[in-house]
Amino acid sequence: NFIQDAVDTVAIAPSATSWPSGLTSGTDIVFQVGGAAVQLDYDPVIYSFRGDYAIQSSVGRFSTLTLSGSGPGGGWIQTGGNTTGGGINIKFGPNGEYEGLFYMASGATLQVNGDVSANGITKFGAGVLNIAQDQSDLGRGPGLGYNNGWVVNEGQLTASVFGALGNAVASNTV
(Lines give C-alpha, C1' and ligand atoms only; values in the text may rest on other atoms or scores of the structure.)
Protein backbone atom coordinates (compact mmCIF):
# COMPACT_ATOMS: atom_id res chain seq x y z
CA ASN A 1 0.00 0.00 0.00
CA PHE A 2 1.09 3.56 -0.63
CA ILE A 3 -0.29 7.07 -0.65
CA GLN A 4 -0.71 8.76 -4.00
CA ASP A 5 -1.28 12.46 -4.65
CA ALA A 6 -4.66 13.14 -6.18
CA VAL A 7 -6.69 16.14 -7.27
CA ASP A 8 -9.85 16.99 -5.33
CA THR A 9 -12.95 16.62 -7.47
CA VAL A 10 -15.33 18.32 -5.01
CA ALA A 11 -14.60 21.15 -2.58
CA ILE A 12 -17.05 21.99 0.20
CA ALA A 13 -16.86 25.76 0.78
CA PRO A 14 -16.24 27.20 4.27
CA SER A 15 -19.71 28.75 4.20
CA ALA A 16 -21.46 25.46 3.35
CA THR A 17 -23.83 23.95 5.87
CA SER A 18 -24.83 20.82 3.94
CA TRP A 19 -23.02 18.12 2.01
CA PRO A 20 -23.18 18.51 -1.80
CA SER A 21 -25.92 16.33 -3.29
CA GLY A 22 -25.42 13.55 -5.82
CA LEU A 23 -22.07 12.16 -4.64
CA THR A 24 -22.84 8.48 -5.17
CA SER A 25 -20.48 7.22 -7.89
CA GLY A 26 -17.69 6.23 -5.47
CA THR A 27 -15.06 8.16 -7.42
CA ASP A 28 -15.18 11.66 -5.88
CA ILE A 29 -12.28 13.00 -3.82
CA VAL A 30 -13.90 15.46 -1.43
CA PHE A 31 -12.16 18.32 0.38
CA GLN A 32 -13.99 20.15 3.14
CA VAL A 33 -12.16 23.47 3.27
CA GLY A 34 -13.38 24.44 6.74
CA GLY A 35 -16.04 26.56 8.35
CA ALA A 36 -19.18 25.28 10.01
CA ALA A 37 -20.27 21.70 10.62
CA VAL A 38 -21.60 20.21 7.39
CA GLN A 39 -24.89 18.27 7.53
CA LEU A 40 -25.35 14.95 5.72
CA ASP A 41 -28.93 14.36 4.62
CA TYR A 42 -28.24 11.31 2.45
CA ASP A 43 -25.67 8.47 2.24
CA PRO A 44 -22.80 9.66 -0.01
CA VAL A 45 -20.48 7.13 -1.67
CA ILE A 46 -17.10 8.72 -2.43
CA TYR A 47 -13.49 7.62 -2.86
CA SER A 48 -11.83 9.72 -0.16
CA PHE A 49 -12.39 12.63 2.21
CA ARG A 50 -10.00 15.33 3.41
CA GLY A 51 -10.92 18.07 5.81
CA ASP A 52 -10.70 19.68 9.19
CA TYR A 53 -14.29 20.41 10.27
CA ALA A 54 -17.19 18.36 11.56
CA ILE A 55 -19.56 16.26 9.50
CA GLN A 56 -22.83 15.30 11.13
CA SER A 57 -26.11 13.71 10.16
CA SER A 58 -29.11 15.93 9.64
CA VAL A 59 -31.64 16.04 12.47
CA GLY A 60 -33.54 12.76 12.73
CA ARG A 61 -31.13 10.89 10.46
CA PHE A 62 -28.09 8.64 10.93
CA SER A 63 -26.22 8.84 7.61
CA THR A 64 -23.49 6.54 6.28
CA LEU A 65 -20.43 7.94 4.51
CA THR A 66 -18.95 5.26 2.25
CA LEU A 67 -15.26 5.69 1.41
CA SER A 68 -13.42 3.58 -1.20
CA GLY A 69 -16.76 3.34 -2.97
CA SER A 70 -15.20 2.47 -6.34
CA GLY A 71 -12.30 0.33 -5.15
CA PRO A 72 -9.79 -0.12 -2.33
CA GLY A 73 -7.37 2.60 -1.26
CA GLY A 74 -9.57 5.58 -0.38
CA GLY A 75 -9.73 6.92 3.15
CA TRP A 76 -10.17 9.80 5.58
CA ILE A 77 -7.46 12.48 5.86
CA GLN A 78 -7.85 14.78 8.86
CA THR A 79 -5.76 17.86 8.11
CA GLY A 80 -6.31 19.80 11.31
CA GLY A 81 -8.64 20.81 14.09
CA ASN A 82 -10.69 18.82 16.53
CA THR A 83 -13.47 17.28 14.51
CA THR A 84 -16.44 15.06 15.16
CA GLY A 85 -17.89 12.59 12.71
CA GLY A 86 -21.11 13.14 14.64
CA GLY A 87 -23.87 10.65 14.16
CA ILE A 88 -22.50 9.22 10.92
CA ASN A 89 -21.44 5.70 10.11
CA ILE A 90 -18.22 5.28 8.13
CA LYS A 91 -17.92 2.37 5.74
CA PHE A 92 -14.90 1.43 3.61
CA GLY A 93 -16.21 -0.17 0.44
CA PRO A 94 -19.85 -0.70 -0.52
CA ASN A 95 -20.11 -3.55 2.01
CA GLY A 96 -17.27 -2.63 4.39
CA GLU A 97 -14.95 -5.02 2.51
CA TYR A 98 -11.92 -2.72 2.13
CA GLU A 99 -9.22 -1.64 4.57
CA GLY A 100 -10.14 1.52 6.47
CA LEU A 101 -7.42 4.17 6.21
CA PHE A 102 -7.38 7.12 8.62
CA TYR A 103 -4.60 9.73 8.46
CA MET A 104 -4.57 12.24 11.32
CA ALA A 105 -2.18 15.18 10.86
CA SER A 106 -0.16 16.40 13.83
CA GLY A 107 -2.47 18.30 16.17
CA ALA A 108 -5.63 16.91 14.54
CA THR A 109 -8.28 14.85 16.31
CA LEU A 110 -11.18 12.97 14.75
CA GLN A 111 -13.88 11.65 17.05
CA VAL A 112 -16.03 8.96 15.43
CA ASN A 113 -19.53 8.69 16.91
CA GLY A 114 -20.92 6.09 14.53
CA ASP A 115 -20.26 2.54 13.36
CA VAL A 116 -17.06 1.84 11.42
CA SER A 117 -17.18 -1.00 8.87
CA ALA A 118 -13.94 -2.16 7.24
CA ASN A 119 -11.74 -5.16 6.59
CA GLY A 120 -9.14 -3.94 9.08
CA ILE A 121 -8.36 -0.36 10.07
CA THR A 122 -5.00 1.39 9.74
CA LYS A 123 -4.43 4.66 11.57
CA PHE A 124 -1.36 6.71 10.72
CA GLY A 125 -0.19 10.28 11.23
CA ALA A 126 0.76 11.96 14.53
CA GLY A 127 -2.81 13.05 15.42
CA VAL A 128 -5.59 11.31 17.38
CA LEU A 129 -8.35 8.96 16.21
CA ASN A 130 -10.95 8.73 18.99
CA ILE A 131 -13.56 5.97 18.65
CA ALA A 132 -16.52 7.09 20.78
CA GLN A 133 -19.07 4.46 19.73
CA ASP A 134 -19.41 0.87 20.89
CA GLN A 135 -18.27 -1.19 17.86
CA SER A 136 -19.01 -4.58 19.46
CA ASP A 137 -22.02 -6.86 18.99
CA LEU A 138 -23.45 -5.33 22.16
CA GLY A 139 -23.54 -1.89 20.56
CA ARG A 140 -24.30 -2.81 16.95
CA GLY A 141 -26.39 -5.95 17.27
CA PRO A 142 -25.64 -9.70 17.24
CA GLY A 143 -23.18 -10.60 14.47
CA LEU A 144 -22.69 -6.95 13.42
CA GLY A 145 -19.74 -6.01 15.64
CA TYR A 146 -16.30 -5.07 14.35
CA ASN A 147 -13.82 -8.03 14.31
CA ASN A 148 -11.09 -7.12 11.85
CA GLY A 149 -8.21 -5.59 13.81
CA TRP A 150 -6.47 -2.25 14.20
CA VAL A 151 -3.00 -1.15 13.06
CA VAL A 152 -1.62 2.05 14.58
CA ASN A 153 1.48 3.19 12.72
CA GLU A 154 1.84 6.54 14.47
CA GLY A 155 -0.04 8.86 16.80
CA GLN A 156 -2.84 7.90 19.14
CA LEU A 157 -5.89 5.65 18.95
CA THR A 158 -8.31 6.39 21.80
CA ALA A 159 -11.10 4.01 22.77
CA SER A 160 -13.30 6.38 24.76
CA VAL A 161 -16.22 4.01 25.42
CA PHE A 162 -16.50 0.35 26.38
CA GLY A 163 -16.46 -1.79 23.22
CA ALA A 164 -14.97 1.00 21.06
CA LEU A 165 -12.48 -1.37 19.42
CA GLY A 166 -15.10 -4.03 18.68
CA ASN A 167 -15.52 -7.65 19.70
CA ALA A 168 -13.01 -9.46 21.89
CA VAL A 169 -12.04 -12.17 19.39
CA ALA A 170 -8.68 -13.51 18.15
CA SER A 171 -8.96 -11.71 14.79
CA ASN A 172 -9.49 -8.29 16.41
CA THR A 173 -6.13 -7.15 17.77
CA VAL A 174 -4.45 -3.77 18.11
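Keep in mind that what you see is a predicted model, and the values were worked out from it rather than measured. (Residues numbered from 1 in each chain as written. Predicted model: local features only at pLDDT ≥ 70, side-chain atom pairs only at ≥ 80, totals over all residues. Heavy atoms only, no water.)

Trainee: When you look at the environment of alanine 170 in this model, what are you seeing that I'm missing?
Mentor: Positionally, alanine 170 belongs in the segment after β16 (156–159). Separated by 21 residues in sequence, alanine 170 and glycine 149 have C-alpha atoms that sit 9.0 Å apart. (Helix = DSSP H or I, 4+ residues; strand = E, 2+ residues; numbered from the N terminus.)

Trainee: Please clarify how the pattern of salt bridges should be interpreted in this entry.
Mentor: Opposite charge on two side chains lets them pair, provided their charged atoms get close. Taken as a whole and assessed by the stated rule, the structure comprises three salt bridges. One salt bridge in this structure joins aspartate 43 and arginine 61, with 3.1 Å as the shortest N-O distance. Remark: arginine 61 occurs in the loop between β5 (55–57) and β6 (64–67) and aspartate 43 occurs in the loop between β3 (38–40) and β4 (48–51); sequence separation between them is 18 residues. The class of aspartate 43 is partly exposed, set by a relative accessible area of 37%. For arginine 61, a relative accessible area of 33% translates into the label partly exposed. Between arginine 140 and aspartate 115 there is a salt bridge, and its shortest N-O distance comes to 3.8 Å. (Salt bridge = Lys/Arg side-chain N within 4 Å of Asp/Glu carboxyl O. Buried < 20%, exposed > 50% of the residue type's maximum accessible area, 1.4 Å probe, protein only.)

Trainee: What should I look at first to understand the side chain of arginine 140 in this one?
Mentor: Considering the arrangement of structural elements, one finds arginine 140 in helix α1 (residues 137–140). A distance of 3.1 Å separates polar atoms of two side chains, one belonging to arginine 140 and the other to serine 117. Within polar-contact distance, the side chain of arginine 140 engages the side chain of glutamine 135 at 2.8 Å. (Polar contact = N/O pair within 3.5 Å; in protein donor to acceptor, adjacent residues only side chain to side chain.)

Trainee: Quick question: what am I supposed to make of unusual backbone geometry here?
Mentor: Of all residues except glycine, most have a negative phi; of all peptide bonds, most are trans. You will see that serine 68, though not glycine, has its phi angle at about 60°, which is positive. With relative accessibility at 0%, the residue serine 68 sits in the buried group.

Trainee: Any chance you could explain the packing of aromatic side chains here in plain terms?
Mentor: The relative placement of two aromatic rings is captured by the distance of their centres and the angle of their planes. Throughout the structure, instances matching the rule amount to six aromatic pairs. Each ring, one from tryptophan 76 and one from phenylalanine 102, has its centre 6.5 Å from the other, and the planes form 35°; the classification is tilted. Taken together, the residues span a long stretch of sequence, with tryptophan 76 in strand β7 (residues 76–78) and phenylalanine 102 in strand β10 (residues 100–104) at a distance of 26 residues. One exposure class covers both tryptophan 76 and phenylalanine 102, and it is buried. Clustering of aromatic rings is evident, with ring pairs tying together Trp19, Phe49, Trp76, Phe92 and Phe102. (Phe/Tyr/Trp six-rings, centres within 6.5 Å; stacked < 30°, edge-to-face > 60°.)

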